[in-house]
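Survey of secondary and tertiary structure
The lines below spell out each chain.
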Amino acid sequence: MLNLVVCIKQVPMVSELPWNPKTGTLKRELAEGMMNPACAHALEAALQIKSRHGGKITVVTMGPPMAEEVLYEAMAMGADHGVLLSDPAMAGGDTFATSYTLARTIENQCPDFDLVLCGCFTSDSETAQVGPQLAEELDIPAAAYVEQLEIEGRMVRMQRISDNFLEIMEIKLPGLVTIMDRVYAPRYPSLEGLMQAYERPRIKILSAKNLALDANAIGQEGSPTKIINVYSPTAEKKNVVLKGTAKKVVDEIFNKYGEKISSAMGKDLKKM
Ligand SMILES: Cc1cc2nc3c(=O)[nH]c(=O)nc-3n(C[C@H](O)[C@H](O)[C@H](O)COP(=O)(O)OP(=O)(O)OC[C@H]3O[C@@H](n4cnc5c(N)ncnc54)[C@H](O)[C@@H]3O)c2cc1C
């Protein structure tokens, strides 16, 4: 019987959201939330491990109160328990503060965990840092960007693709893996699963105080990352008129723009 923990982040459903230029954070309240795609793959991997080896799955999310939705969805898919970390004191946390918060929660709520599964990255911030940092916080071995895995005794055997090579790796349990968004296509929540998730909710809502977290290590206070500036890149267009004979114009084009044309064509024009 394995004790599995899946960390799930709720992300905005649309990719282009307005942000608050003062704080550099997204205006999440303007978009509906959804389960981060790679987290859904991590959950599917956990569900398949559970069906082969038995055990229980606890899903953990840190976010605003609406993040609770992803816990219901996870339970409708087959997770057993949910933990929502929602506290204004945790808001604005970077990956460092997030990893600290998730680690203390896992130690508190699932002290005898065997395997923690995370998505390889999120679709809104995409740093891919939380998984490895969380393993550091929990002082356990980890492997990132895992395509497929199997539990063999107290060992996880994994495959991942790195620089076009297929790597086969093993780590001892307890351990942590971050799952790629390719192999474990997430199942749809069943109607029965949805009814059970909403009729018998098994979600704990915890604050920083409940977990006795160090106030200096969470939220903005505990975040060494400072966003200096956020802006939309703008493309500038300039019209240039070349005059003279055809030969002169062509020579000028090649002299001025030869390198750009070569790279766009994928051919070195000088060698042609
Ligand atoms: C009140 C509140 C408001 C927040 N507002 C924002 C916001 O506006 N923008 C924002 O990006 N974040 C917000 N967060 C969450 C937190 O700050 C980010 O989750 C964190 O910085 C992760 O960065 P990332 O997306 O680059 O993670 P990555 O390292 O890319 O994520 C990799 C994996 O780590 C795990 N993971 C990451 N974040 C979480 C999480 N929060 N809960 C559970 N598992 C997680 C998932 O498995 C994910 O697939 C908020 C949190 C709280 C409590």
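Residues numbered from 1 in each chain as written. Predicted model: local features only at pLDDT ≥ 70, side-chain atom pairs only at ≥ 80, totals over all residues. Heavy atoms only, no water.

Judged by pairing direction, the sheet is parallel, and its seven strands sit side by side in the order β9-β13-β8-β1-β6-β7-β14 without closing on themselves. Taken across any chain shown, the strands that pair with only one partner, and hence form the sheet edges, are β9 (142–146) and β14 (203–206). This sheet shows a mean twist of 20° between the axes of neighbouring strands, independent of strand direction. As paired elements, strand β1 (residues 2–7) and strand β8 (residues 115–119) share four bridges and run parallel to each other. Its bridge partner being in β8, Val6 is matched across the sheet by Leu117. Strands β1, β6 (55–62), β8 and β13 (175–179) of the sheet are contacted by helix α1 (residues 37–53), whose axis makes an angle of about 170° with β1. (Pairing = 2+ DSSP bridges. Helix = DSSP H or I, 4+ residues; strand = E, 2+ residues; numbered from the N terminus. Axes fitted to C-alpha atoms, helices over the stretch in contact; angles between N-to-C directions. Contact = heavy atoms within 4.5 Å.)

Okay, the site of the ligand next. Within the structure, the ligand sits among 29 residues, and Cys7, Lys9, Gly93, Thr122 and Thr127 are positioned closest to it. Between the ligand and the protein, one listed contact pairs an oxygen atom with a side-chain N or O atom of Thr122 at 2.6 Å. Note that an oxygen atom of the ligand is positioned 2.7 Å from one of the side-chain N or O atoms of Thr127. Alone, the ligand offers 900 Å² of accessible surface; in the complex the protein occludes 92% of this. The class makeup of the residues in the shell around the ligand is 13 nonpolar, eleven polar and five charged. (Near = heavy atom within 4 Å. Polar contact = N/O pair within 3.5 Å; in protein donor to acceptor, adjacent residues only side chain to side chain. Areas by Shrake-Rupley, 256 points an atom, 1.4 Å probe, with all protein chains shown as cover. Nonpolar A, V, L, I, M, F, W, Y, C, P; charged D, E, K, R; others polar.)

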